[in-house]
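Geometric and topological summary
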Amino acid sequence: MSSGLLALIVATTGCDILMSGSNGEAADNITVTSPMILAGETIPERYTCKGEGVSPPLSWSGLPDGVESIAVLIDDPEAVGGATVHWLVYGLDPANPELAEGSVPQPARQARNVSGEANYAAPCPVDDHEHEYRFTVYALDSELDLPEAAPLDEALRAIAAHTLARGRLVATGG
């Protein structure tokens, strides 16, 4: 996929393309928290390329009825060259409202990130300004029929088609 197409997909996702769920509307009422990342505060170095580069722990609450699956997206809308997806995990069990540090619980799968890898790409801004990092949880109305390492554009489209609700934790870094 060209970087221009990826930038368009990610820019329109905000990942805002993912706001239009299968019913045409998606509530923005899931609460996303982390014991290690506070809203509006700087991401601890441990979760960046300057530290261990492991994925942070996240938890969520306020899921609507009818949720069959959860997806988690970590992105930087202010990256040089356009928005950057650091991690996309899908197929998370809605009965488990958390994602442990550095883990992808079974049967969840990872889509390819902006680097083309199916893993957590730790934030690592190449410029000197502070970036905004978004940790977004999507409640989906079905399981996604996508394999491990699905192309990012396919995974984003599938999530957009099945989103019931979302919630977001926003932190900074740079």
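Our subject in this report is the structure included herewith. Bear in mind the structure is a predicted one, so any value in this text is a computation, not a measurement. (Residues numbered from 1 in each chain as written. Predicted model: local features only at pLDDT ≥ 70, side-chain atom pairs only at ≥ 80, totals over all residues. Heavy atoms only, no water.)

Details of the pattern of salt bridges
For clarity, the cut-off: In the sections that follow, a salt bridge refers to a side-chain nitrogen of Lys or Arg positioned within 4 Å of a carboxyl oxygen of Asp or Glu. Exposure classes here rest on a 1.4 Å probe applied to the protein chains alone. A residue is buried below 20% of its type maximum, exposed above 50%, and partly exposed in between. Segments assigned H or I by DSSP are reported as helices when at least four residues long, segments assigned E as strands when at least two residues long, and all are numbered from the N terminus.
Summed over all chains, the structure comprises five salt bridges. Note that Arg-46 is salt-bridged to Glu-52, the shortest N-O span being 3.4 Å. When its relative accessible area of 32% is taken as the criterion, Arg-46 is described as partly exposed. By relative accessible area, which is 53% here, Glu-52 ends up exposed. In this structure, Arg-46 engages Glu-101 in a salt bridge whose closest nitrogen and oxygen atoms are separated by 2.6 Å. With Arg-46 in the loop between strand S1 (31-33) and strand S2 (58-61) and Glu-101 in the loop between strand S5 (98-99) and strand S6 (109-110), this pair connects stretches of sequence that are 55 residues apart. For Glu-101, a relative accessible area of 32% translates into the label partly exposed. Bridged by salt links that share partners, the residues Arg-46, Glu-52 and Glu-101 form one connected network.

Focus: the layout of surface pockets
If a probe as big as a water molecule is rolled over the atoms, it shows which places are left empty. Rule in force here: The way it works is a 1 Å grid over only the protein atoms, where trapped points that fit a 1.4 Å probe form a cavity and open points with protein on both sides within 12 Å along at least five of seven lines form a pocket, and then any residue with an atom within 4 Å of a point lines it. Grid points are joined across faces, edges and corners, and a volume is the space filled by probe spheres set on the points.
Taken as a whole, the largest pocket encloses approximately 200 Å³ of empty space. As for the largest pocket, its lining consists of 16 residues, and the residues nearest its centre are Ala-79, Thr-84, His-86, Cys-124 and Pro-125. When contributions to the lining of the largest pocket are tallied by element, the ones reaching two or more residues are strand S4 (84-92) and strand S7 (131-140). Sorting elements by how many residues they give to the lining of the largest pocket places S4 first, with three residues.

Brief notes about unusual backbone geometry
Here the amide bond leading from Gln-106 into Pro-107 is cis, since omega sits at 5°, within 30 degrees of zero. Relative to the elements of secondary structure, Pro-107 occurs in the loop between S5 and S6. Its identity is not glycine, yet Ala-149 carries a phi of approximately 65°, on the positive side. Turning to its location among the elements, Ala-149 is positioned in the loop between S7 and helix H2 (152-162).

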